[in-house]
Amino acid sequence: MSDDAASIGLLAGLEPQVAASLLEQAQRRTVKTDEVIFKAGEPARSVHVLASGAAKLVQITPSGAWIIVKYVRPGEIFGSPALLDKFYPTDAVAVTDCVALDWPSELVRTFIDRYPRVAINVIGDLEARLREMEGRLRDLSKEPVEHRLARAILKLIETFGEQTAEGIEIPFPVSRQDLADLIGSTLPTVSRTLGAWESQRQIRRYRRRLIIANVEAVASVIYKGVPPKSEGAFR
């Protein structure tokens, strides 16, 4: 994605000239893979959008365990607590080289005063985030690990998937530990589940890349309650 105003959620629905003007006021910076964009507990002074690349929002539990709250795609708003003069509740870490667009919170509040559509965009993002969190809580309370893992992979495919000759690829490294952190499970449990799928679906790991050759096969874990029988691959 280029940093075209029409593709940025914060600016969606605005008149083109207005959106272009607001885009010009963003602070643009390059973020390298594994670089921290902001840390939990820091004062939230800016609202952020990725023009390119991907990032993850991570929390650390009191016991020291890591939880991946979500992966952030290009165009998506994050860091919105800055609008309320709050603190960032998560770490934001780049999982690829990124271009980040940052707006100081006071500037965004000025946008909201002048262009109510900006407020609607922020509220819509928060509502979508809430629905996603409610869904994950429901999954954690009711679904077995196999279902949660399949659902997480489908979400990654939906959000980031890129078609390749071998199947649909997630264009950044996704380790087994990452998947465990994403679904609230443990590395041994996720490894056992993927190992079982490997024996049935020719799942392989290569440089932590994730490729799924047949999306329907992954979905069948959830909707049919049986392990997929067609090919997929962890690459």
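The structure presented is a predicted model; accordingly, all values stated were derived computationally and were not measured.

### Details of the overall build of the protein
Turning to step 1, where the next piece is worked out: A count of helical and extended segments in the protein gives seven helices and 12 strands.
Turning to step 2, where the next piece is worked out: The buried share of the protein, reckoned over its 235 residues, is 46%.
Turning to step 3, where the next piece is worked out: Considering only contacts within the protein whose residues lie at least 6 apart along the sequence, 73% involve residues at least 24 apart.
Turning to step 4, where the next piece is worked out: Working note: accessible area of the protein is about 12000 Å², and carbon and sulfur atoms make up 53% of it.

### With respect to the packing of aromatic side chains
Each pair of aromatic rings is reported with the distance of its centres and the angle of its planes.
Turning to step 1, where the next piece is worked out: Summed over the entire model, instances satisfying the criterion amount to five aromatic pairs.
Turning to step 2, where the next piece is worked out: Aromatic side chains Y71 and F160 sit 6.4 Å apart centroid to centroid with 85° between the ring planes, which places their arrangement in the edge-to-face category. One end of the pair, Y71, is in strand β5 (residues 66-72); the other, F160, is in helix α4 (residues 145-160), with 89 residues separating them in the sequence. Just as Y71 is buried, F160 falls in that class too.
Turning to step 3, where the next piece is worked out: Among the aromatic side chains, those forming a connected cluster through ring pairs are F38, F78 and Y88.

### Remarks on the sheet that holds strand β1 (residues 27-31)
Turning to step 1, where the next piece is worked out: If you trace the four strands from one edge of the open sheet to the other, you get β1-β8-β3-β6, paired in antiparallel fashion. Among the strands making up the open sheet, the edge pair consists of β1 and β6 (77-78).
Turning to step 2, where the next piece is worked out: This element, helix α2 (residues 105-114), spans β3 (46-52) and β8 (98-104) of the sheet and lies at about 70° to β8.

### Side note on the pattern of salt bridges
Turning to step 1, where the next piece is worked out: Scanning all chains against the criterion turns up seven salt bridges.
Turning to step 2, where the next piece is worked out: The shortest N-O distance in the salt bridge between E76 and R73 comes to 3.4 Å.
Turning to step 3, where the next piece is worked out: The exposure class assigned to E76 is buried, which follows from its relative accessible area of 8%.
Turning to step 4, where the next piece is worked out: Using a relative accessible area of 38% as the deciding quantity, one classes R73 as partly exposed.
Turning to step 5, where the next piece is worked out: Through salt bridges with shared partners, a single ionic network connects K70, R73 and E76.

### Examining the confidence of the model for the protein
Turning to step 1, where the next piece is worked out: Scored by pLDDT, the protein comes out at a mean of 84, with 86% of its residues at no less than 70.
Turning to step 2, where the next piece is worked out: Across residues 229-235, where pLDDT falls below 50, the model places 40 contacts with residues more than four positions away in sequence or in other chains.

### Examining the nonpolar core
Turning to step 1, where the next piece is worked out: The biggest cluster of nonpolar side chains holds 37 residues, and the ones touching the most others in it are I8, L10, L11, F78 and W103.
Turning to step 2, where the next piece is worked out: Considering every element that reaches this core, the biggest residue donor is β8, with five residues.
Turning to step 3, where the next piece is worked out: Listed in part, the 31 residues of the second largest apolar core include I153, L154, W197 and A219.

### Quick word on the sheet that holds strand β4 (residues 55-60)
Adjacent strands of a sheet form backbone hydrogen bonds with each other and so pair up, either parallel or antiparallel.
Turning to step 1, where the next piece is worked out: Spatially, the four strands line up as an open sheet ordered β2-β7-β4-β5, and their pairing is antiparallel. A strand with exactly one partner marks an edge of an open sheet, and here the two such strands are β2 (36-38) and β5. Taken pair by pair, the neighbouring strands of this sheet meet at an average axis angle of 30°, ignoring direction.
Turning to step 2, where the next piece is worked out: Bridging between β4 and strand β7 (residues 91-94) involves four bridges; their strand directions are antiparallel. From the neighbouring strand, A55 faces β7, where its bridge partner is A94.
Turning to step 3, where the next piece is worked out: Helix-sheet contacts for helix α5 (residues 176-183) involve β4 and β5, and the interaxial angle to β5 is about 95°.

### A word on the side chain of E76
Turning to step 1, where the next piece is worked out: Along the polypeptide, E76 turns up in the loop between β5 and β6.
Turning to step 2, where the next piece is worked out: Side-chain polar atoms of E76 contact the backbone nitrogen of R73, separated by 3.1 Å.
Turning to step 3, where the next piece is worked out: Excluding anything up to four places from it in sequence, E76 contacts H48, V49, L50, K70, Y71, D125 and R129.

### Looking at the pairing of β8
Turning to step 1, where the next piece is worked out: Most of β8 sits inside the fold, with six of its seven residues counted as buried.
Turning to step 2, where the next piece is worked out: Here β1 pairs with β8 via five bridges, running antiparallel. The partner of T30 across the bridge, within β8, is V99.
Turning to step 3, where the next piece is worked out: Relative to β8, β3 is paired through six bridges, and the arrangement is antiparallel.

What counts as what
Residues numbered from 1 in each chain as written. Predicted model: local features only at pLDDT ≥ 70, side-chain atom pairs only at ≥ 80, totals over all residues. Heavy atoms only, no water. Helix = DSSP H or I, 4+ residues; strand = E, 2+ residues; numbered from the N terminus. Buried < 20%, exposed > 50% of the residue type's maximum accessible area, 1.4 Å probe, protein only. Contact = heavy atoms within 4.5 Å. Areas by Shrake-Rupley, 256 points an atom, 1.4 Å probe, with all protein chains shown as cover. Phe/Tyr/Trp six-rings, centres within 6.5 Å; stacked < 30°, edge-to-face > 60°. Pairing = 2+ DSSP bridges. Axes fitted to C-alpha atoms, helices over the stretch in contact; angles between N-to-C directions. Salt bridge = Lys/Arg side-chain N within 4 Å of Asp/Glu carboxyl O. pLDDT = per-residue confidence, 0-100. Core = buried A, V, L, I, M, F, W, Y, C linked by side-chain atoms within 4.5 Å. Polar contact = N/O pair within 3.5 Å; in protein donor to acceptor, adjacent residues only side chain to side chain.

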